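Topology and contacts: notes
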Amino acid sequence: MEILHVSAECYPYAKVGGLADVVGTLPKYQQELGNIAKVVVPMHRTKFLYENEWTVEHKGSINMGDRYLDYTIIKEKTNKLDFDLYCVDIYGLLDRENVYSYDDDTERFTAFQISVVDWLSHWEHRPDVVHIHDHHTGLIPFMMRHCFAYKHLSEIPTVLTIHNAQYQGWMSWDNSNYIPDWDTWQWGLLDWDNMINPLACAVKCADRVTTVSPSYMEELTTDANGLEELFVSEKLKCSGILNGIDTKVWDPASDTYILDNFSAEDAAAGKLLNKKKLCKDFNLDVKKPLFVFIGRLVADKAADLLPRAIYDSLNQLGNKMNFLVLGSGNTNIENQLEGLIGNFTGFYNAKIGYNEKLSHQMYAGADFILMPSRVEPCGLNQMYALRYGTIPIVRSTGGLKDTVVDFGEEKGFGIRFNNAAVWDITYSIHRAVELYDDKEKMTEIRNQIMKIDNSWEKSAEKYIALYKATQLI
Ligand code: ADP
């Protein structure tokens, strides 16, 4: 089969979060299963863009409202990612440094989507499936069916994967003229609560909808930032397929970012060396258990609870542990986390910013990783942590629920709690400190978790089966 993935991010070209990891990995595994997978993303001014060579694949022009825009599709020349990577360049709109958070994101992502559909309509052959990811690509199934210029694409099946339903890409109806001439009888497909809602539109128009874990799919019927009813009514075409991890990139035995490579057999010694380096770099105490947090500092990740949870834990348990936080996001949370450094010198540190290398070092050197998320559609950190022998402490939600079993249960290996609340986090940290003192149990759990298979193979097969089902529609 030939699959075209459309996404705002793709690792290592442009990454903000887990979406990039998935779109940078799933196509590789789909190709290994004998398919052709391609990825198209907006052109962002990233290091990867400048470090690689590109060829021009197609030039075209589109109208978006009263704007006439030229677009260029460029393709990475040397197949660096093991699959074809295409970027859409629109001068002045898509050639920016960051992926998101510009005032004109609505215009940027709408123009990106129109360009992709326009380009597709010029292809000599067609992909068997167009696989779109999140709301930035949500208008594509609608455009392929209901824009007069692109109706000839309506036979191509579309699959939507929702990585995060909190963000929906809402647009005012004043912008409805951005969408190329469309069948106005179909306005209801665009609408949700008197707004154009690209995510809702994709749920309505795509042939199949997936979320990145079965539990998250279930949760969306009761908690989906306003789209609950939609998920209930479209339930029959929705399913959850758990993300996997790229076991070639995330392999402690070969990871070039970490100080000392290790595998399950020599994990204790290998992790200790990595921990020593982290503790030296961040002035922490190597003898105490090391808890880390890596991620976006936003309410979805419950990062707002971290400063208090860290403060209370270090106070109540008398500096029996260390904390190291890596992340960026909400300025208030960033300031609070930085502000705490002076209070607990030698036991706590924080690095505000995005740092891929440090994140690998933290997965390798930590004893525990904290994920108190309020919303976690799948979560990759816990799976990376497991592979690096780091025990996840997670709230029971979404993909965390599907991938972590509490060590108090049969065959369990992690720590789970129910409430996104400071006391539940500190209680779990308490449990972890006690577990850390039981060296035999720690070794047993480490051995167990490093062998858990969270690779993409199984999930990639599930996606192919899903695509095949769309061919029968
Ligand atoms: P989300 O996509 O919601 O941010 P995921 O758990 O799915 O969360 O994926 C997060 C990914 O981003 C992981 O690969 C994690 O290591 C990485 N990450 C997040 N924040 C940072 C950071 N500040 N520095 C380095 N890597 C980060």
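What counts and how
- Residues numbered from 1 in each chain as written.
- Predicted model: local features only at pLDDT ≥ 70, side-chain atom pairs only at ≥ 80, totals over all residues.
- Heavy atoms only, no water.
- Near = heavy atom within 4 Å.
- Polar contact = N/O pair within 3.5 Å; in protein donor to acceptor, adjacent residues only side chain to side chain.
- Helix = DSSP H or I, 4+ residues; strand = E, 2+ residues; numbered from the N terminus.
- Nonpolar A, V, L, I, M, F, W, Y, C, P; charged D, E, K, R; others polar.
- Pairing = 2+ DSSP bridges.
- Axes fitted to C-alpha atoms, helices over the stretch in contact; angles between N-to-C directions.
- Contact = heavy atoms within 4.5 Å.
- Buried < 20%, exposed > 50% of the residue type's maximum accessible area, 1.4 Å probe, protein only.
- Domains from an automatic or database assignment.
- Buried area = accessible area lost by both parts, 1.4 Å probe.
- Salt bridge = Lys/Arg side-chain N within 4 Å of Asp/Glu carboxyl O.

1. Points about the site of the ligand
- Around the ligand, the structure places 20 residues, and the nearest of them are Gly18, Asp21, Arg296, Lys301 and Tyr363.
- Note that an oxygen atom of the ligand is positioned 2.8 Å from one of the side-chain N or O atoms of Asp21.
- Looking at the shell around the ligand, the elements with two or more residues in it are helix H1 (18-32), strand E12 (290-297), strand E13 (322-329), helix H12 (356-365) and helix H13 (381-387).
- Split into classes, the residues belonging to the shell around the ligand amount to six nonpolar, nine polar and five charged.

2. Some thoughts on the sheet that holds strand E11 (residues 238-240)
- The strand order across the open sheet formed by nine strands is E3-E4-E5-E2-E1-E6-E7-E10-E11, and the pairing between neighbours is mixed. The open sheet has two edge strands with one neighbour each: strand E3 (54-64) and E11. Taken pair by pair, the neighbouring strands of this sheet meet at an average axis angle of 25 degrees, ignoring direction.
- Pairing geometry for strand E4 (residues 67-76) and strand E5 (residues 84-89), over four bridges, is antiparallel. Paired with Ile74 across the bridge in E5 is Cys87.
- Contacts from helix H6 (residues 198-205) reach strand E6 (129-133), strand E7 (158-162) and strand E10 (208-211) within the one sheet, and its direction differs from that of E7 by about 135 degrees.

3. Here we look at the side chain of Lys237
- Considering the arrangement of structural elements, one finds Lys237 in the loop between helix H8 (228-233) and E11.
- In this structure Lys237 comes out as buried when scored by relative accessible area, which is 14%.
- Not counting the four nearest positions on each side in its chain, Lys237 is found in contact with Val203, Lys204, Cys205, Ala206, Asp207, Arg208 and Val209.

4. Points about the domain arrangement of the chain
- Taken domain by domain, the chain holds domain 1 (2-244 + 457-470) and domain 2 (264-454).
- The C-alpha centroid of domain 2 is placed 33 Å from the C-alpha centroid of domain 1.
- Counting from both sides, the interface comprises 19 residues of domain 1 and, opposite them, 18 residues of domain 2.
- Interface area, domain 1 with domain 2, both sides summed: about 1,500 Å², of which 51% is carbon and sulfur.
- Counting the contacts that link domain 1 with domain 2 gives one salt bridge.
- The salt bridge partner of Glu356 is Lys15, with a shortest N-O separation of 3.6 Å.
- Across the domain 1-domain 2 interface, the total number found is seven residue pairs in polar contact (both at pLDDT 80 or more).
- Mapped onto the side of domain 1 that touches domain 2, the elements with two or more residues apiece are H1 and helix H7 (214-220).
- Looking at the side of domain 1 that touches domain 2 element by element, the count peaks at four residues for H7.

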